[in-house]
Number of protein chains: 2
Amino acid sequence: MKLLKKKITDEGIVISGEMLKVDSFLNHQIDPHLIDEIASAFLYRFEDTTFHKILTVESSGIAPAVMTGLKLGIPVLFAKKNRPSTMTEKRYSAPVHSFTKNSDTEISVSSEYIKKGDRILIIDDFLAHGSACRALIKIAEEAGAKVVAIGIVIEKGFQNGGRSLREDGYRVESLAIIDRMKEHNIGFRE
Amino acid sequence: MKLLKKKITDEGIVISGEMLKVDSFLNHQIDPHLIDEIASAFLYRFEDTTFHKILTVESSGIAPAVMTGLKLGIPVLFAKKNRPSTMTEKRYSAPVHSFTKNSDTEISVSSEYIKKGDRILIIDDFLAHGSACRALIKIAEEAGAKVVAIGIVIEKGFQNGGRSLREDGYRVESLAIIDRMKEHNIGFRE
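What counts and how
- Residues numbered from 1 in each chain as written.
- Chains lettered and ligands numbered in written order.
- Predicted model: local features only at pLDDT ≥ 70, side-chain atom pairs only at ≥ 80, totals over all residues.
- Heavy atoms only, no water.
- Helix = DSSP H or I, 4+ residues; strand = E, 2+ residues; numbered from the N terminus.
- Rg over C-alpha atoms; globule rule 2.2 N^0.38 Å.
- Buried < 20%, exposed > 50% of the residue type's maximum accessible area, 1.4 Å probe, protein only.
- Contact = heavy atoms within 4.5 Å.
- Lys, Arg positive; Asp, Glu negative; His and termini not counted.
- Charge placed at Lys NZ, Arg CZ, Asp CG, Glu CD.
- Salt bridge = Lys/Arg side-chain N within 4 Å of Asp/Glu carboxyl O.
- Buried area = accessible area lost by both parts, 1.4 Å probe.
- Nonpolar A, V, L, I, M, F, W, Y, C, P; charged D, E, K, R; others polar.
- Pairing = 2+ DSSP bridges.
- Axes fitted to C-alpha atoms, helices over the stretch in contact; angles between N-to-C directions.
- Least-squares fit on C-alpha atoms with pLDDT ≥ 70 in both.
- Phe/Tyr/Trp six-rings, centres within 6.5 Å; stacked < 30°, edge-to-face > 60°.
- Parallel < 35°, antiparallel > 145°, perpendicular 65-115°, else oblique.
- pLDDT = per-residue confidence, 0-100.
- Right-handed = clockwise from strand over helix to strand, strands pointing away.

A. Broad picture of the overall build of chain A. Each helix and strand in chain A was counted, giving five helices and eleven strands. Here the C-alpha atoms of chain A give a radius of gyration of 16 Å, agreeing with the 16 Å that 2.2 N^0.38 yields for 190 residues. The principal-axis extents of the C-alpha atoms in chain A amount to approximately 45 × 40 × 35 Å. Looking at chain A residue by residue over its 190 residues, the buried ones come to 61%. In chain A, of all internal contacts separated by at least 6 residues, the share reaching a separation of at least 24 is 62%. Here chain A contributes 27 positive and 26 negative side-chain charges, whose respective centroids are spaced 2 Å apart.

B. Molecular detail of the pattern of salt bridges. Residue and element names in this part refer to chain A. Counted under the stated rule, the structure contains 24 salt bridges over all chains. Across the salt bridge formed by Glu155 and Arg166, the nearest N and O atoms sit 2.7 Å from each other. You can see Glu155 sitting in strand β9 (residues 146–156) and its partner Arg166 sitting in helix α5 (residues 161–167), a full eleven residues away along the chain. Connected through salt bridges with shared partners, the residues Lys7, Glu11 and Asp31 form a single ionic network.

C. A look at the interface of chain A and chain B. Taken together, the 40 residues of chain A in the interface contact 39 residues of chain B. Both faces combined, the contact of chain A with chain B buries some 3,300 Å², and carbon together with sulfur accounts for 63% of it. At the junction of chain A and chain B, the tally comes to two salt bridges. Linking Glu89(A) and Lys21(B) is a salt bridge whose minimum nitrogen-to-oxygen distance equals 2.8 Å. Elements with a minimum of two residues in the side of chain A that touches chain B: β2 (19–21), β3 (29–30), α2 (32–46), α3 (62–72), β5 (76–79) and β7 (103–110) of chain A. Of the residues forming the side of chain A that touches chain B, the biggest block, six residues, is contributed by α3(A). Here the side of chain A that touches chain B is composed, by residue class, of 18 nonpolar, 14 polar and eight charged. Note: β5(A) against strand β3 (residues 29–30) of chain B, two bridges, orientation antiparallel. When the bridges of β3(B) are listed, Val76(A) appears paired with Ile30(B).

D. Expanded view of the sheet that holds strand β8 (residues 119–127) of chain A. One open sheet accounts for seven strands, arranged β11(A)-β10(A)-β9(A)-β8(A)-β4(A)-β5(A)-β3(B); its pairing is mixed. The open sheet has two free edges, formed respectively by β11 (185–188) of chain A together with β3 of chain B, since each of these has just one partner strand. Bridge count for β9(A) against strand β10 (residues 172–182) of chain A is six bridges, and the pairing is parallel. Residue pairing for β10(A): Ile152(A) is matched across the bridge by Ser174(A). Across the sheet, helix α4 (residues 131–142) of chain A lies against β4 (53–57), β5, β8 and β9 of chain A, angled at about 165° from β8(A), the strand it touches most.

E. Structural view of the relation of the copies chain A and chain B. Overlay of chain A on chain B (RMSD 0.0 Å): rotation 180°, translation along the axis 0.0 Å. Such a turn and shift between the copies fits a two-fold axis. Both copies share a contact surface, since 98% of the interface residues of chain A are interface residues in chain B too.

F. The arrangement of the packing of aromatic side chains in detail. Residues and elements named next belong to chain A. Enumeration over the complete set of coordinates arrives at four aromatic pairs over all chains. Judged by centre distance (5.6 Å) and plane angle (90°), the ring pair of Phe46 and Phe51 falls under edge-to-face. For the pair Phe46 and Phe51, one class covers both residues: buried. Here a set of aromatic residues connected by ring pairs shows up, and it is made of Phe42, Phe46 and Phe51.

G. A look at the packing of helix α1 (residues 2–11) of chain B against helix α2 (residues 32–46) of chain B. Residues and elements named next belong to chain B. Put simply, α1 and α2 touch, their axes get as near as 9 Å, and they point 140° apart. Of the possible angle classes, the one that applies to α1 and α2 is oblique. Only His33, Leu34, Glu37 and Ile38 of α2 make contact with α1, whose side of the interface consists of Leu3, Leu4 and Lys7.

H. Spatial organisation of helix α3 (residues 62–72) of chain B. Among the eleven residues of α3(B), eight are classified as buried, and the element is accordingly described as predominantly covered. Downstream of α3(B) by a residue or two, Gly73(B) has a phi angle that is positive, lying close to 75°.

I. Highlighting unusual backbone geometry. Put simply, Glu58(A) and Ser59(A) share a cis peptide bond, and its omega is 0°. Unusually for a residue other than glycine, Asn102(A) sits at a positive phi of about 50°. Here Asn102(A) shows up in the loop between β6 (91–98) and β7. The phi torsion at Ser16(B) lies on the positive side, around 45°, for a residue other than glycine. Residue position: Ser16(B) is located in the loop between β1 (13–15) and β2 (19–21).

J. Seen up close, the confidence of the model for chain A. Here chain A shows a mean pLDDT of 95. Residues at 70 or above account for 97%. Across the assembled chains, the prediction reports ipTM 0.96 with pTM 0.97.

K. Region of the structure containing the pairing of β9(A). Residue and element names in this part refer to chain A. Taking burial as the measure, the eleven residues of β9 include ten buried ones, the bulk of the element. Where β8 meets β9, eight bridges bridge the pair, whose relative direction is parallel. Paired with Leu121 across the strands is Ala149, a residue of β9. Of the crossover connections in this fold, the one passing from β8 over α4 to the parallel β9 is right-handed.

Dropping the structure here:
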């Protein structure tokens, strides 16, 4: 996706070789026009497929997930990082390991909103080691739902999350795959 | 806003008289069509006004803020609840008091994305005691920006946040104002 790659090239900041900061349009400030284009790109890739629901995780997955949900005409469910005081019912949960913080966070979803037989599209902003994605898959599968596809805005192709998911048979569609990055030099997979 | 009030009436769950759970369409599962209608309602109320940026707070503010940002053609900035490892620059922060949890959370915004003279539209999902809104105002004003208006999806009119903000001269536009609620009986302000 050309516009996204241009944004990453122009505004992305590489931190210590492994981290990409895109706070100007995705992770802190959000460019709604870009998100709309991202949703159109997902629609194009997934319009042949039937989904019942999008599953994402707070917070940066929400914007692309909701815009894509609008175009696909399906609801969005976001996993929560802390159990809110109003979530008293049964829930599915899984740990997400953060490699940058070297800590685990539990994410959870109410059993009210994910059911056996649901065809799920997972949407997330980043795919690196795949920890958040694996947690969402675990939650969906525990509920008896089927993860039909995974849509990622930015995949760090030099980390193993995407490869490992594809090897396990999941359909992963990433709008930009970064194969190498070093300061202001970001190389995308063709 | 008729569709929103119907959703609240049909799907909202009143917990212990003071908390309203709307997890089926706003705070956990999100109905993208409803969010699009919410954004249209904000556009209608604010189309006479010039804003440079929308300011919200993660997570449930993001969906209505981004959809409204798309319609108004302006970027969205969401305050973060935890300082991320990539946020190393100067930031503005303020505490948000949660009455349900009886604890404070600090929210913060990078000084990169909010500047002196910016005309700000604050968007949030709920307005109750006004603690999150006051924190966003403090952040904006510390940056030298001007809070021109505040757009709220659901205001709990029986708590004092909205009244107090209006008394202080802020323009607060709420799409649904609840004046009383008791189990399945939710009464809206006309």
